Amino acid sequence: MDENFIRKRMTELRMKKGVSEYQMSLDMGHSRNYIQNISNGRALPSMPEFLYMCEYLDVTPSAFFDESTENPALMQKAIDELRTLPDRDVLTLLGLIQRLKESG
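Owing to the predicted nature of the structure, the values given are computational and were not obtained by experimental measurement. (Residues numbered from 1 in each chain as written. Predicted model: local features only at pLDDT ≥ 70, side-chain atom pairs only at ≥ 80, totals over all residues. Heavy atoms only, no water.)

Considerations on helix α4 (residues 47-56)
Line of reasoning, step 1. By the burial criterion, the buried members of α4 are Phe50, Met53, Cys54 and Tyr56. Viewed along the axis of α4, the buried residues span an arc of 160°, placing them on a single side of the element. Relative to its buried face, α4 has exposed residues pointing more than 90 degrees away, namely Pro48 and Glu55.
Line of reasoning, step 2. Close packing links the buried residues of α4 with α1 (3-17), α2 (21-27), α3 (34-39) and α5 (61-65).
Line of reasoning, step 3. Once α4 finishes, Asp58 follows within two positions and takes phi at roughly 65°, a positive value. (Buried < 20%, exposed > 50% of the residue type's maximum accessible area, 1.4 Å probe, protein only. Helix = DSSP H or I, 4+ residues; strand = E, 2+ residues; numbered from the N terminus. Arc of directions from axis to C-beta. Contact = heavy atoms within 4.5 Å.)

Structure, rendered in structure tokens:
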């Protein structure tokens with residue numbers, strides 16, 4: 001991992017969320033160019049800011065660094081919903097997922 005990964009991943013997740021650098025900066029309580037400075041390589045977030053950024057982007061820190069998950073916010077939402085279902089419904093959904101993978 002390097003600084004470029006952090007900048008690139010933050011930009012990717014921000015765009016998936018559909019929010020501008022300007023809006024994300026303001027939403028996080030910073031000056032209007034805070035996120036732009038991170039994206040352009042002029043700054044990096046502190047650890048507390050990184051954790052807040054993850055929360056803002058609806059991802060865990062672990063998911064932030066997991067390049068294999070294209071849309072971690074969507075994946076987390078699905079996992080959160082799965083946790084509310086009884087085991088038999090989760091098993092049914094797993095069967096459906098397997099069928100979809102086989103037919104795709």
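Comments concerning the side chain of Arg14
Line of reasoning, step 1. Within the fold, Arg14 resides in helix α1.
Line of reasoning, step 2. The contact partners of Arg14, leaving out residues within four places of it in the chain, are Val19, Ser20, Glu21, Met24, Ile35 and Leu57.

What to know about the packing of aromatic side chains
Line of reasoning, step 1. Counted by the stated rule, this structure contains five aromatic pairs.
Line of reasoning, step 2. Pairing Phe50 with Phe65 gives two aromatic rings, centres 5.6 Å apart and planes at 40°, and the pair type is tilted. Placement of Phe50 in helix α4 and of Phe65 in helix α5 is noted, with a sequence separation of 15 residues between them.
Line of reasoning, step 3. Members of the aromatic cluster, connected to one another through ring pairs, are Phe5, Phe50, Phe64 and Phe65.
Line of reasoning, step 4. The side chain of Lys17 reaches across the aromatic face of Tyr56, ending 5.0 Å from its centre. (Phe/Tyr/Trp six-rings, centres within 6.5 Å; stacked < 30°, edge-to-face > 60°. Lys NZ or Arg CZ within 6 Å of the ring centre and 35° of its normal.)

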